[in-house]
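Inside the fold
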Amino acid sequence: MDFKFSDGQEMLRKVAREFAENEVSPIAAEIDKTGRFPRETFDKMTEVMFTGIGTPEEYGGAGGSDTEKVIVVSELAKKCGATAAILSIHTIFAQVIQKYGTGEQKQKYLPRVTSGGCVGAFALTEPNAGSDAGAAKTTATLDGDEYVLNGTKCFISGGGQAQYVAVFALTDPSKGLKGLSCIIVEKGTPGFTIGKIEEKMGIHGSETVELIFDNCRVPKENLVGKEGKGFNIAMVALDGARIGVAAQALGIAEGALEESVKYMNTRVQFGKPLTALQGLTWYISDMATKIESAKWLTYYAAYLKETGQPHTKEAAMAKLNASETARFVTNLALQIHGGYGYMKDYPLERMYRDAKITEIYEGTSEIHKLVISRSVLS
Ligand code: COS
């Protein structure tokens, strides 16, 4: 067993940390306040090729794999959960095309979403198909050389900014989830519009929208993989995406711990720094221990995925554990900061709000318990 990061991975962590400090941290409070998608940060992430992590260089990517993705996403999340979410969710589109796309689809789309500055999105959820993703009702009816899409997707992160969306729609509604297919829809296609822009509790900068398809025609070449294989494609993509959310949760927790250590060393009460108060130091022990556990489970899931091993259960465990850790740690970090933690002058209340979504999106904690228990009991 070797728990060491390579020199290249340590270098990447340093680059990501500096990027987070210089480019992400200065606008984190502003994008939280305004809900603005930080397009300039996305462009800078393209310049430094964070958007290409996990895609081979021959397709315009930066190479690397899931471990590298966890490193970058967690470093970004220390300073801004929304920016980490933007990157993590954006890479799912490339992951789907890379694994299931045709040669033409890879040549066309991968360079654009890795190094070309285009945003990618993943649209599975519908108003009546959240945890029960297989209940999706959006249809894609083949008509000549085109699929005609009708339906509404909701809670789609980055959907309003995306140039390309992987949409999951029924090509054979009589077959239920076995009739679902994955189809690429490009921004600007007639019949494809952005609906409601959600107002959320946290990760305000990662715009979350409704996507509406009204007789939206796309060439049949936009089918990804085979007809009827959409649900499997979505589930495999979500296994990877869950490692991304675990990385986001890990980073938020690590950021909150760093803030707490800084605060406890400088804040004086009862004539002593807070580090002299045993009750608070025990909070720090609990926070650090849970973070360490979340960290290694997340890297273990990433390792299994990048070495081609089954990882559904471990991705679910990593996400369940890291998201609960993020909520636990941000709660105690806010508590350590007392009244200041509740004020917007400090980043704690934002971290606390940003942490909550990690227990919900890309599968709720309850869904992960279902996935884990099914696997353990089988
Ligand atoms: N990888 C590959 N295939 C998978 C899979 C995975 N991780 N999970 C399920 N499948 C396959 C199953 O093998 C089954 O295929 P076969 O019938 O060919 O064997 C098929 O998918 C149906 O699986 P299952 O019977 O488990 O479906 P259920 O509806 O019972 O449950 C859950 C699926 C609940 C796990 C799924 O709906 C889910 O993950 N829901 C959460 C959705 C989510 O995370 N949404 C986030 C937002 S994305 S925008």
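Predicted model, so just to flag it, every value in this text is computed and none were measured. (Residues numbered from 1 in each chain as written. Predicted model: local features only at pLDDT ≥ 70, side-chain atom pairs only at ≥ 80, totals over all residues. Heavy atoms only, no water.)

Assigned secondary structure in the protein chain consists of 11 helices and 10 strands. For 378 residues, the compact-globule estimate of 2.2 N^0.38 gives 21 Å, and the C-alpha radius of gyration of the protein chain, at 21 Å, lies within 12% of that figure. Each of the three principal axes of the protein chain carries a C-alpha extent, and together these read 80 × 45 × 40 Å. In the protein chain, the proportion of contacts linking residues at least 24 apart, taken out of those at least 6 apart, comes to 74%. Summing over all exposed atoms, the protein chain offers an accessible surface of approximately 16,700 Å²; the carbon and sulfur share of this is 53%. Of the side-chain charges in the protein chain, 42 are positive and 46 negative, and the distance between the mean point of each set is 3 Å. (Helix = DSSP H or I, 4+ residues; strand = E, 2+ residues; numbered from the N terminus. Rg over C-alpha atoms; globule rule 2.2 N^0.38 Å. Contact = heavy atoms within 4.5 Å. Areas by Shrake-Rupley, 256 points an atom, 1.4 Å probe, with all protein chains shown as cover. Lys, Arg positive; Asp, Glu negative; His and termini not counted. Charge placed at Lys NZ, Arg CZ, Asp CG, Glu CD.)

One side chain can pair with another of opposite charge once the charged atoms of both are near each other. Enumeration according to the criterion identifies 24 salt bridges in this entry. In this structure, Glu 349 engages Lys 344 in a salt bridge whose closest nitrogen and oxygen atoms are separated by 3.2 Å. Among the residues examined, Glu 349 registers a relative accessible area of 11% and is labelled buried. Linked through salt bridges whose partners overlap, the residues forming this network are Arg 13, Arg 17, Glu 75, Lys 78 and Glu 258. (Salt bridge = Lys/Arg side-chain N within 4 Å of Asp/Glu carboxyl O. Buried < 20%, exposed > 50% of the residue type's maximum accessible area, 1.4 Å probe, protein only.)

Right, let's talk about unusual backbone geometry for a bit. The backbone of Phe 155 sits at a positive phi, close to 60°, despite the residue not being glycine. Along the polypeptide, Phe 155 turns up in strand S3 (residues 146–157). The class of Phe 155 is exposed, set by a relative accessible area of 53%. The backbone phi angle of Glu 362 is positive, close to 60°, even though this residue is not glycine.

Within the structure shown, the criterion is met by 3 cavities of 30 Å³ or more. There is about 80 Å³ of room inside the largest cavity. If you trace the largest cavity, you find it lined by Asp 66, Lys 69, Val 70, Ser 88, Thr 91, Ile 92, Gln 95, Gly 240, Ala 241, Ile 243 and Gly 244. Looking at the lining of the largest cavity, the elements that each hand over two or more residues are helix H3 (66–79), helix H4 (81–100) and helix H6 (230–266). Per-class residue counts for the lining of the largest cavity are 4 nonpolar, 5 polar and 2 charged. The calculated volume of the second largest cavity comes to roughly 50 Å³. Contributing to the lining of the second largest cavity are Phe 37, Ala 85, Ile 86, Ile 89, His 90, Val 119, Gly 120, Ser 157 and Gly 158. (1 Å grid on protein atoms, 1.4 Å probe; cavity = no way out; pocket = protein on both sides within 12 Å on 5 of 7 lines; lining within 4 Å. Points joined across faces, edges and corners; volume = space filled by probe spheres on them. Nonpolar A, V, L, I, M, F, W, Y, C, P; charged D, E, K, R; others polar.)

Within the UniProt annotation, "domain: Acyl-CoA dehydrogenase/oxidase C-terminal" (unreviewed entry) is assigned to residues 228–377. The span residues 228–377 carries 79% helix and 3% strand; its end-to-end C-alpha distance comes to 28 Å. (UniProt positions renumbered as here; feature names shortened; annotations may be inferred.)

With that settled, the discussion passes to the packing of helix H2 (residues 39–47) against H4. Each packed pair of helices is defined by two parameters, the angle between the axes and the distance between the axes. Running from N to C, H2 and H4 cross one another at 55°; their axes reach a closest spacing of 11 Å. Looking at the two axes, H2 sits oblique to H4. Like other packed secondary-structure pairs, H2 and H4 cross with a definite hand, here right-handed. Contacts between H2 and H4 involve Thr 41, Phe 42 and Met 45 from the first element and Thr 83, Ile 86, Leu 87 and His 90 from the second. (Axes fitted to C-alpha atoms, helices over the stretch in contact; angles between N-to-C directions. Parallel < 35°, antiparallel > 145°, perpendicular 65-115°, else oblique. Left-handed = near helix turned anticlockwise from the far one by under 90°.)

Here the focus is the environment of Glu 227. Counting through the fold element by element, Glu 227 comes out in the loop between strand S8 (223–224) and H6. Glu 227 gets classed as partly exposed once you look at its relative accessible area, which sits at 41%. For the pair Glu 227 and Leu 142, spaced 85 residues apart in sequence, the C-alpha to C-alpha distance is 11 Å. A polar contact is formed between the side chain of Glu 227 and the side chain of Tyr 147, at a distance of 2.6 Å. (Polar contact = N/O pair within 3.5 Å; in protein donor to acceptor, adjacent residues only side chain to side chain.)

Among the 22 residues in the neighbourhood of the ligand, the closest are listed as Ser 131, Lys 178, Asp 239, Arg 242 and Arg 374. Interatomic distance of 2.8 Å between a side-chain N/O atom of Arg 242 and an oxygen atom of the ligand. Within the side chain of Arg 374, an N or O atom sits 2.8 Å from an oxygen atom of the ligand. Expressed as a share of its isolated accessible area of 990 Å², the protein-covered part of the ligand is 69%. Only H6 and helix H11 (365–377) provide two or more residues apiece to the shell around the ligand. (Near = heavy atom within 4 Å.)

Right, let's talk about the layout of surface pockets for a bit. Approximately 890 Å³ is the volume attributed to the largest pocket. Forming the walls of the largest pocket are 38 residues, and the residues nearest its centre are Thr 125, Gly 130, Tyr 361, Glu 362 and Gly 363. Going through the elements one at a time, H4, strand S1 (120–123), S3, H6, helix H8 (312–336) and H11 are the ones with two or more residues in the lining of the largest pocket. Across the lining of the largest pocket, the residue classes break down as 21 nonpolar, 10 polar and 7 charged.

Residues annotated in UniProt with the feature "domain: Acyl-CoA oxidase/dehydrogenase middle" (unreviewed entry) correspond here to residues 121–216. End-to-end, the C-alpha atoms of residues 121–216 are 17 Å apart, and along that stretch the chain is 0% helix and 51% strand.

What follows is about the side chain of Lys 295. Among the secondary structure elements, Lys 295 is positioned in helix H7 (residues 278–306). Comment: no salt bridge for buried Lys 295; closest opposite-charge side chain is Glu 292, at 4.2 Å.

Of the strand pairs in this sheet, S3 and strand S7 (residues 208–219) are connected by 9 bridges, and their pairing is antiparallel. Considered in S7, the bridge of Leu 149 is made with Cys 216. Pairing analysis gives 4 bridges linking strand S6 (residues 192–197) to S7, with the strands arranged antiparallel. For Thr 193, the partnering residue across the bridge sits in S7 and is Ile 212. (Pairing = 2+ DSSP bridges.)

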